[in-house]
Amino acid sequence: MAEQAEDQEQDVSNGAATEPVMDAPGGGAPAPAEPEETSENDEATISAGGKSVEIGNFRVFLDLRMPEFDMGHCKAYSADNLRRDEGSAFALVTDPVLPTRHDHMTFLTGMHMAGQIDLIDYETAYWPPFGRKTMVLFYEKPAGGRVLAKQTKKLPIDEHDIATVVVEPLMNAMQAFGEKGLAHRNIRADNLFFADPMHEKVVLGDCASAPPGYDQPAVYETASRMGADPAGRGSGSIADDFYALGMTLAELGIGRQPLKKLNDQEILELKLSKGSFQAIASQEKLPLVLIEPVRGLLCDDPEERWGLAELNAWLDGRRTKPVQSNTEKRAARSQNLAGRDYYTCRSLAQGIAKNWSTALAPLRDSTVEIWLRRGLGDNDRAKALSEAMRQLQWAGADKRSAEDVLVARSILILDPTGPVRFKGFASMVDGLGFMLSYDVQHGRGPQRFADVIVRDIPSFWFSRQEGYSPEVQKQQQLYKNLRYYIQQQSAGYGYERCLYATVRNQHCLSPMVEEEYVVEIADLLPALEKAAETASEESWPVDRHIAAFIATRLEDDVEGQLMAMQNPSDEVEYSRAIISMLAIVQWRHGPDNLQNLSHWVARLMEPAIKVFHSKARRERVETEIPKLAKRGNLVELYNLINDEQERRKDQSEFVEAVAEYSEAESEVFDLESSGPARMELAEKVGQQAAAFASTMIALLTVSALFLMHIF
Amino acid sequence: MAKGKSSASKGKGKGGRSAFSGLSVIASAVLLFMVALPTFITLTVGLLPSLVAFIFDRSPGRTMARCVFGLNFSGVAPYILEIWMQPAQTVSGATQAVFQPLALSIMYGAAGLGWLLYLAMPPIVANVLNLSAQRRVSELRKKQRGLIKTWGDSLIKEVDRSGN
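Residues numbered from 1 in each chain as written. Chains lettered and ligands numbered in written order. Predicted model: local features only at pLDDT ≥ 70, side-chain atom pairs only at ≥ 80, totals over all residues.

### Examining the overall build of chain A
Then step 1. Counting its regular elements, chain A contains 29 helices and 14 strands.
Then step 2. By its C-alpha atoms, chain A is 160 × 70 × 45 Å across when sized along the principal axes.
Then step 3. Classification of the 711 residues of chain A by burial places 46% in the buried group.
Then step 4. Of all intrachain contacts in chain A linking residues separated by at least 6 positions in sequence, the fraction that spans at least 24 positions is 65%. (Helix = DSSP H or I, 4+ residues; strand = E, 2+ residues; numbered from the N terminus. Buried ≥ 20, exposed ≤ 12 C-beta atoms within 10 Å, placed from the backbone. Contact = placed C-beta atoms within 7 Å.)

### Some thoughts on the pairing of strand β3 (residues 58–65) of chain A
All names here are of chain A.
Then step 1. For strand β2 (residues 52–55) and β3, the ladder comprises 4 bridges, and the chain directions are antiparallel. When the bridges of β3 are listed, V53 appears paired with V60.
Then step 2. Hairpin connection of β2 to β3: 2 residues between the antiparallel strands, including G56 at a positive phi of 60°.
Then step 3. Across 4 bridges, β3 lies against strand β4 (residues 75–81) in antiparallel orientation. Residue F58 lies in a different strand from β4, and its bridge partner there is N81. (Pairing = 2+ DSSP bridges.)

### Re the interface of chain A and chain B
Then step 1. At the junction of the two partners, chain A supplies 37 residues and chain B supplies 37 residues.
Then step 2. Mapped by element, the contributors of at least two residues to the side of chain A that touches chain B are α26 (615–631), α28 (644–673) and α29 (675–710) of chain A.
Then step 3. Classifying every residue of the side of chain A that touches chain B gives 20 nonpolar, 10 polar and 7 charged. (Nonpolar A, V, L, I, M, F, W, Y, C, P; charged D, E, K, R; others polar.)

### With respect to the confidence of the model for chain B
Residues and elements named next belong to chain B.
Then step 1. The share of residues in chain B with pLDDT of 70 or more is 88%, and the mean pLDDT across the chain is 85.
Then step 2. Model confidence for chain B, summarised as mean pLDDT per element, is weakest for helix α1 (residues 2–35) at 67 and strongest for helix α6 (residues 101–151) at 94.
Then step 3. Low confidence marks residues 1–11, where pLDDT is under 50. Its contacts with residues over four positions away, or in another chain, come to 0 contacts. (pLDDT = per-residue confidence, 0-100.)

### What to know about the nonpolar core
Then step 1. By size, the foremost hydrophobic cluster in this structure holds 194 residues, and its most contacted members are A91, V136, F138 and L637 of chain A.
Then step 2. Residue contributions to this core peak at 10 residues, all from helix α5 (residues 238–254) of chain A.
Then step 3. Look past the residues within four positions of A91 of chain A in its chain and what remains in contact with it is F58, V60, A76, Y77, A79, V136 and F138 of chain A.
Then step 4. Core analysis: the next-biggest nonpolar cluster, separate from the first, contains 30 residues, A65, A110, W115 and Y118 of chain B among them. (Core = buried A, V, L, I, M, F, W, Y, C linked by C-beta atoms within 7 Å.)

### Focus on α5 of chain A
All names here are of chain A.
Then step 1. Taking 1.5 Å of rise per residue, the 17 residues of α5 would be expected to cover 24 Å, and the 24 Å separating its terminal C-alpha atoms lies within 8% of that figure.
Then step 2. The buried fraction of α5 amounts to 16 of the 17 residues, a majority that puts the element mostly inside the structure.
Then step 3. A positive phi of about 85° marks G255, the residue just after α5. (Expected span 1.5 Å × (residues − 1).)

### As for the sheet that holds strand β9 (residues 192–194) of chain A
Residues and elements named next belong to chain A.
Then step 1. Ordered by their spatial adjacency, 3 strands build an open sheet running β8-β9-β10, and the pairing between neighbours is antiparallel. Looking along the sheet, the strands with just one partner apiece sit at the ends: β8 (145–146) and β10 (202–204).
Then step 2. Pairing of β8 with β9 involves 2 bridges; the strand directions are antiparallel. Paired with R146 across the two strands is F193, which belongs to β9.

Structure representation (structure tokens):
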């Protein structure tokens, strides 16, 4: 167990330290050897020269890179707007193995907002360098270029102009996001562009191409969110944006990224021990004019942190209330863990997370509990830890699992605002979905996520939150669903359902359609239509991913179909459920003609035909299927086998036929087995008949004789 | 107890009826002996096979005896009528008529035919019943084949399943 924990710890630290690269999908993962034939692609076609690709209303030039507009891990390419002459656009190509942010894309598309780069449109399209489809975002080129140009050492903005050039437009953008209940989560000096050639205003760059906070340097994240893996930093709130704004101002003030010399772990420890502002102020020389806003914005307590009101006051030259630089309580004596001394709860929580296996001993022998009581004087936490210990004693046979839960809970007791950490997995509760998506698409698989959910760690996180928060309530409701999904084993549930339920823009990961980058349900059937061309005869067009994708994205309830899919050995119900699901999708979202998919489905309809008992009906259906398949209409195919009136009639007639057959069989048996009884009966009847006949002859003879003598 | 009593009374009633009919036969015979001796002699001699049959046939309903009697009586009836048609009924006349070989042959032959009828009728009925059963089996099999043709093997499976 210790070795496993160490391995996971190694993975996490490596992952956190790795800079995302965007040479290929997956941040450097090998791309397919040969790009697919683009002629097959509906939306994207490479021009004759092979240098450009048409995507929606844009022509993107593959050989015209625009590194000055690269954003985070995404690369920018020159693009022409085919519908509009004025303005200039560029294309930002997202990594297909990282989910984009749906709410942000729909909010920003086609909208002009001061302080935010204009997102003109976005399209899912075939991207030749990747050899597969991905999401491409089209932005209006900011006229003034990037604020932090790499080649210049000079400060791009005078410290006295930062308020008007940077803070005002960014406040406007943050307010707009806040009104929509969204957080930008990508505010950093590196992601700022001058909106005009005169460099009078800046705009924020992209915030939709990756999970929230994924591209942020660790220093830009609050101490709570820093502990999470980059993909699991969570959607956060406007308070996190204000923190990032504070760090942006600090970077613009000092001309380079604060604490760049330190690694992420050192930055976190520094922030935890001194507080964020002190950590920066102790290492960097901040311009005097920026000290006040940076101090207010980098306040570690989100309740105390500066917001729009304080920033407005500062812009107006009014004094604002001073904020506490570091609210983290420091113990009188240290708690040693794995050779290191920890003085604060949160730093100890981080230490436990990093030393999973060795942390168990001090927790079990109550050393940490005593430290909390005596060293820190925090009886509430000590009591909670003692309660967690007591629950360990109630654990059944699975002691190891109970010990892991104890460690995870101890971390949450020590750092209730931090991420959920479990054996190398570290994600904020509002980032669980993105974290799962990252794990699944980067070879780690869903196991870590499943372990966290099955062991109900987030529930403990919710129980440790103080006060009422609608956001937390919402997350709690969502989590309840996740737990239900993960406990179900059948198709349409499991981690796949969790994935699509938590990440709205997660494309369908079914191997059949993965490269088609299906984000919207309307794109699923066209992708399957394409897959049907090469599909093997035995495979089904709906696998676990597609079932979960449909269940999440479709407006209609398909629980009935999912129930029927629980038992694949019942071929009739299984095939009917699959055909039904696909038919509903086609009925809702089209397209009308799906010939390949219809033929694929028709091949698999053999078990479904068995719903009819009558041979004549089956033959009729079998002759109808090829005709309907040719028309490409799944709804008609489904209706053919799901004519409820016809089915009921068939069923009742079948029941009658069974009864009739059984009755006949029983009568035949009786007749065949009643030989001796029949002989007995025959003898009796024969004798009686003979006696009767004899009597009648006697009567007739006497009557005849009398009549003869009379006449 | 009540059932036993009722069956005992039933048996008693049947026995009583039988005894009554036996007595009435004897009474009739005595009356006939006193009033019409030639007829009595003719009947006694002529119906001798029936008498034997009634004595030996102990089966319920005495069907064999009834068979023999019916045809035996048919054979005797013409001679009885012949006696009744003579102006003077005498014992010697009756005896002479009865003991003629032809008369005896007709009377006893008729009794024998009755016995043959008794023997021949059950196999005939058995054959009729067997033929009827065979025809019914064939009809039912045809019907079953028709059902299988309409519903296929699933019908057999369902029948087997419901049978199990």
